[in-house]
Amino acid sequence: MTSIPAIVDHGELNRDWGTMNDELEELAARAAAGDQAVIPQILQAIRPQVQRRVAKFLPYREDAEEAVQDTLLQVANKVHTFKGTGSFAGWVTIVATNQARQTYRSLKRRSVEQSAEVLPESVDPRTTSVIAGSRLDLLEALEALESSHPQLVQPLVLRDLGALSYAEIADELDVPLGTVKARIHQARKAVAERLTVR
């Protein structure tokens, strides 16, 4: 069986959320019920973890910061959709990972549009954000996987980048535990094959 190398230290990320989980869950429930006054406190509490999660996708600091800001805005605007069936940390993980991937797509599209308009004399790959860092092959592999098997992407992202347990992922996605495990296995295999081809 081919597997993707460990991307994150699951224990470290889980400890980050665990230290504030009870208070954060309570604040999230209040915000979801319409208490707008707690939103700044929630955003301040989740910002460090959102930054770490987004950085797993976007190694260039300015790109990651753009995704962090967009994630916090999404959380503030959509917290009323948090139903409390899973953990708030899991919900935030989904929002952050989706936003990081959306930011990557946007950067990629902008890069293509810019290069079509004006071709610079030389491009330094170390300073061009869309091609900087080691996570970009993974992002490309996830994009390819999403186009062929979209149901496999979210479980993989939540497990290997979001550090959620299989049970938490099953709760977040509202699918059986066995289905989550099977999807993650299929996704890892597909992504690993794509990464070894390069």
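What you see as residue numbers is a count from 1 along each chain, following the sequence as written. Residue-level local features of this predicted model are given only where pLDDT is at least 70; pairs of side-chain atoms are given and counted only at 80 or more, and the full residue set underlies all totals for whole chains, interfaces and linings. Note: side-chain values were computed over all heavy atoms of the structure, leaving out hydrogens and water.

> Before we go on, may I ask you to explain helix H2 (residues 21–32) in this structure?
Because an α-helix packs 3.6 residues into every turn, residues spaced three or four apart end up facing the same way. The end-to-end C-alpha distance of H2 is 16 Å, a good match for the 16 Å that twelve residues give at a rise of 1.5 Å each. Summary of the burial criterion: residues with accessible area below 20% of their type's maximum are buried, those above 50% are exposed, and those between are partly exposed, where the area comes from a 1.4 Å probe applied to protein chains only. Put simply, DSSP H or I for four residues or longer makes a helix, DSSP E for two residues or longer makes a strand, and each gets a number counted from the N terminus. Within the span of H2, buried status applies to Leu24, Leu27, Ala28 and Ala31. Down the axis of H2, the sector holding all buried residues measures 100°, keeping them to one side. Along H2, the residues that are exposed and aim more than 90 degrees away from the buried face are Asp22 and Glu26. Residue Gly34 follows H2 closely and has a positive phi angle near 115°. Expected helix span is computed as 1.5 Å times (number of residues minus one). Here, the arc refers to the directions that run from the helix axis to the C-beta atoms.

> I keep staring at unusual backbone geometry and nothing clicks. Help me out?
Glycine aside, residues mostly have negative phi, and peptide bonds are mostly found in the trans state. In this structure, Asp174 takes a positive phi of about 55° despite not being glycine. Along the chain, the position of Asp174 falls in the loop between helix H8 (166–173) and helix H9 (177–197).

> So what exactly am I meant to see when it comes to the packing of aromatic side chains here?
Any aromatic ring pair is given by two values, namely how distant the centres are and how the planes are angled relative to each other. Stacked, edge-to-face and tilted labels apply to pairs of Phe, Tyr and Trp rings (six-membered ring for Trp) whose centres lie within 6.5 Å, assigned for plane angles under 30 degrees, over 60, and everything in between, in that order. By the definition in use, this model includes three aromatic pairs. Ring centres 5.6 Å apart and planes at 25° place the aromatic pair Phe88 and Trp91 in the stacked group. Within this pair, Phe88 and its partner Trp91 are both found in helix H5 (residues 88–117), separated by three residues, close to a single helical turn. On the basis of relative accessible area, Phe88 is assigned to the buried category, the value being 0%. The exposure class assigned to Trp91 is buried, which follows from its relative accessible area of 13%. For a ring to carry a charge above it, either NZ of a lysine or CZ of an arginine must fall within 6 Å of the ring centroid while also lying within 35 degrees of the normal to the ring plane. Of note, Arg159 hangs over the ring of Tyr166, and the distance from its end group to the ring centre comes to 4.6 Å.

> Can you help me understand helix H7 (residues 150–161) in this one?
In a regular helix each residue adds 1.5 Å, so twelve residues correspond to 16 Å; H7 covers 17 Å between its end C-alpha atoms and thus fits that length. For H7, a buried count of ten out of twelve residues is recorded, marking the element as mostly surrounded by other parts of the structure. Among the residues of H7, Leu152, Val153, Gln154, Pro155, Leu156, Val157, Leu158, Arg159, Asp160 and Leu161 are the ones counted as buried. Just downstream of H7, Ala163 is the residue with a positive phi angle, here 65°.

> Where do I start with the pattern of salt bridges in this structure?
Close approach of charged atoms lets side chains of opposite charge pair. Any carboxyl oxygen of Asp or Glu within 4 Å of a side-chain nitrogen of Lys or Arg constitutes a salt bridge here. A full pass over the atoms with the stated rule returns six salt bridges. Where Arg47 meets Glu65, a salt bridge forms, and the shortest distance between an N and an O atom there is 2.6 Å. Within this pair, whereas Arg47 is found in helix H3 (residues 39–55), its partner Glu65 is found in helix H4 (residues 61–78), the two being separated by 18 residues in sequence. A residue is classified by how much of its surface remains accessible, and Arg47, at 24% relative accessible area, is partly exposed.

> Is there a simple way to think about the environment of Glu140 in this case?
Structurally, Glu140 can be placed in helix H6 (residues 136–148). Its relative accessible area of 16% is what places Glu140 among the buried residues. Residues Glu140 and Tyr104, 36 residues apart in the sequence, show an inter-C-alpha distance of 9.6 Å.

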